[in-house]
Amino acid sequence: MRKGPAPGPWQAAPGRESAPAGHPGVWQSVAAPGGRHAGSTVSGGEVARDGQGEAARGRWGVGVAPRGRDPKVLGGQGLGAVLGGGEGWGVLGVGRSPGVVVAKVTGAGSGTDLAWKVNATDLGIMWDNGAGEVLAAFGDTFGDGWAPPGANGGDWRSQVLLRSVDRDLADGMTFSGAATDRAGHAKELIPSRKVDGDEITVIPTAGVSVGTRQYMGYMSVRHWGQPGQWDTNYAGIAYSDDNGQNWTATTPGTPRWDNPGGGNHFQMAAMVRRDGYIHLFATPNGRSGAAYLARVPEQQILDKAAYQYWTGSRWQQGQDTLAAPVVNAPVAELSVRFNAYTGKWLMTYLQGGDVVLRSAAAPTGPWSAPAVVASSADHPGLYGGFMHPWSQGPDLYLTLSEWTPYNVYLIRITLTPDAAITNANLVRDPSFERQATGTVATPWACHGNCGIDNGTWSFTADRNAFARYNRGWHDLYQVVTVAPNTRYVMTGWLRTSANNDNGFFGVRDPGGAPFSETNFRAVGSWTRYQVAFDSGPRTSVEVFAGIWTDNGDMWLQLDDVSLVRG
């Protein structure tokens, strides 16, 4: 998928020669009232604003997808239908996203591009290898030559595997190694023919360990089709006896579920080891099917005849057509785990435009009603949603894929002991994706000159907010309701022009002075900032990010802001 041009070229702000390359918007000088920061008033002089009035909506183009993939077509606001394959999404969500963006997992800024040429990838299916590491399998991966958005460029590998020993997920997930074919290069684990209509790719869908052996579920994709649809040849289970470095697949002794007619129910899987069994949850190819369940004694995982299928009333060996749905359609890209904190089975999956969570006392259900974890209204182009096996206590961490910039992020939700989502992000429109134009709109507001970027340079997805000028205080802010005498933590992702020398990120009394903030100078790449505070007697606060622009033309970009109890 290729996006069309950003909305408009830059004109130089008054007194400046040029604007930074790649930054959208049309600027002109206008008189405007000053903003307020720490009790100081910015007055006199000029500030700039978007000279287009109501800025044009983002314009999107259609390009040729790489290596046989169908192009994706998005609407003007990033909220349109998608034509294409495994990275597309269906009916878009409109609900709030309680999840907090913790960090970028893959691509530029994460280190995977520099360490193993994992510049762009998706999925991030994780399992404990039984030896103190988490293994993470990613889907179609690109190296040098990739450019956002979407899957494109050179060095295409159908799947790669990275290893992690990181147990402190509060600041993100780092990797200590990878399955490689040469120094500094993650290898393709299972070869694919890369021929559309035959086998365009082989995608990992699940992983589990038994003893020292690793098992990985995968699907052989024949063709990416219409929205939320794709055709598979079969699904199988590969195994590795060297911690994921080499895999045995598609040979006698490895089970497979053939799909000649397109109706097999076991094409995309999630695997859970518990009570002496491997539980295999699965869906048909595409994103419109129900979820089905099988189990097999853990020592017989490669013996397809040993699998038992849940019929709706009992376990029965035989044909996989015996299986009855345990969760009704639509279910896609399953992740299932038994969670010790809640004592329940948890299931996350893509349902239309949302990643949702359900829980059950037993793998056979009944499963609770779905609760939104992340909505495409806040994360357009989202998919996946795979639980981290080392999530502890009430914090549940998941990998979330986004088509723009075609990489994986770590997000966090908080659970009650009964597996309900709690402590949701209080910031509305936290990633600015609900902004319809280039002008900052409710629930966000602006002192001075600010706007909305719609391009491929956001921290996540399509949009971020910015403030820019060469004189005075300029900030983005939002009033948020809080509970009195409660501890909170505010986080956000920032970057600035190289000449920024005085920026602030924090909270203040609505219309008043800050009471908790952090100061920053030049921020070269997207960087996470955090402020902790006690609300005291307040019932609302104003979260803000801004810069003093008294040292030449400078700018600030802001994305993915959160405020939760801490």
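Summary of the structure given here. (Residues numbered from 1 in each chain as written. Predicted model: local features only at pLDDT ≥ 70, side-chain atom pairs only at ≥ 80, totals over all residues. Heavy atoms only, no water.)

**Observations regarding the pairing of strand 27 (residues 407-415)**
Next, step 1: In terms of burial, strand 27 is a largely internal element, nine of the nine residues being buried.
Next, step 2: Burial along strand 27 is two-sided: the residues Asn407, Tyr409, Ile411, Ile413 and Leu415 and Val408, Leu410, Arg412 and Thr414 are all buried.
Next, step 3: Two elements, strand 5 (residues 100-104) and strand 27, share four bridges in a ladder whose sense is antiparallel. Along strand 27, the bridge assignment pairs Val101 with Ile411.
Next, step 4: Here eight bridges tie strand 26 (residues 395-402) to strand 27, and the two strands are oriented antiparallel to one another. Across the sheet, residue Leu398 finds its bridge partner in strand 27, namely Ile411.
Next, step 5: Linking strand 26 to strand 27, which pair antiparallel, is a turn of four residues; within it Tyr406 sits at a positive phi near 60°.
Next, step 6: Connecting strand 27 to the next strand, strand 28 (residues 421-422), in antiparallel fashion are five residues, including Ala419 with a positive phi near 75°. (Buried < 20%, exposed > 50% of the residue type's maximum accessible area, 1.4 Å probe, protein only. Helix = DSSP H or I, 4+ residues; strand = E, 2+ residues; numbered from the N terminus. Pairing = 2+ DSSP bridges.)

**A short note on the state of the cysteines**
Next, step 1: With the rule as written, the count across this model stands at one disulfide.
Next, step 2: What pairs with Cys446 in a disulfide is Cys450, and their sulfur atoms sit 2.2 Å apart. Taking the sign of the S-S torsion, 80° for the link of Cys446 and Cys450, the bridge is right-handed. (Disulfide = S-S within 2.5 Å.)

**Details of the environment of Arg163**
Next, step 1: You can see Arg163 is positioned in strand 8 (residues 160-164).
Next, step 2: Sequence-wise, Arg163 and Gly244 are 81 residues apart; in three dimensions their C-alpha atoms are separated by 9.1 Å.
Next, step 3: Looking at Arg163, its side chain comes within polar contact range of the main-chain oxygen of Asn243, at 3.0 Å. (Polar contact = N/O pair within 3.5 Å; in protein donor to acceptor, adjacent residues only side chain to side chain.)

**What to know about unusual backbone geometry**
Next, step 1: Cis rather than trans, the peptide bond between Ala329 and Pro330 has omega equal to 0°.
Next, step 2: Of note, Pro330 is situated in the loop between strand 20 (315-317) and strand 21 (332-339).
Next, step 3: The step from Gly365 to Pro366 runs through a cis peptide bond, and the omega angle for that step is 5°.
Next, step 4: Examined against the element boundaries, Pro366 turns out to sit in the loop between strand 23 (354-360) and strand 24 (371-375).

**Describing the side chain of His379**
Next, step 1: Tracing the backbone shows His379 in the loop between strand 24 and strand 25 (382-387).
Next, step 2: Side-chain polar atoms of His379 contact the side chain of Glu402, separated by 3.0 Å.
Next, step 3: The residues touching His379, leaving out its near neighbours within four places in the chain, are Ser97, Val101, Ala374, Leu400, Glu402 and Asp560. (Contact = heavy atoms within 4.5 Å.)

**Here's the deal with the sheet that holds strand 24**
Next, step 1: One open sheet holds the four strands; their spatial order is 21-22-23-24, and the pairing between them is antiparallel. The open sheet has two edge strands with one neighbour each: strand 21 and strand 24. Pairwise comparison of adjacent strand axes, ignoring direction, gives a mean angle of 20° for this sheet.
Next, step 2: Here strand 22 (residues 344-351) pairs with strand 23 via seven bridges, running antiparallel. (Axes fitted to C-alpha atoms, helices over the stretch in contact; angles between N-to-C directions.)

**Focus: the nonpolar core**
Next, step 1: If you look at the biggest cluster of nonpolar residues, it comprises 59 residues, and the most contacted ones within it are Phe138, Phe175, Leu396 and Tyr406.
Next, step 2: If one sorts the elements of this core by residue count, strand 27 sits on top with six residues.
Next, step 3: By size, the runner-up hydrophobic cluster in this structure holds 30 residues, among which are Leu476, Phe505, Phe533 and Val543. (Core = buried A, V, L, I, M, F, W, Y, C linked by side-chain atoms within 4.5 Å.)

**Quick look at the sheet that holds strand 38 (residues 554-565)**
Next, step 1: Across the sheet, which stays open at both edges, the five strands sit in the order 30-31-38-33-36 with antiparallel pairing between neighbours. Each edge of the open sheet carries a strand with a single partner, namely strand 30 (450-454) and strand 36 (527-534). Adjacent strand axes in the sheet meet at a mean angle of 35° when their direction is disregarded.
Next, step 2: As defined by bridge partners, strand 33 (residues 487-496) adjoins strand 38 across eight bridges and the pair is classed as antiparallel. If you follow Leu494 over to strand 38, its bridge partner there is Leu558.

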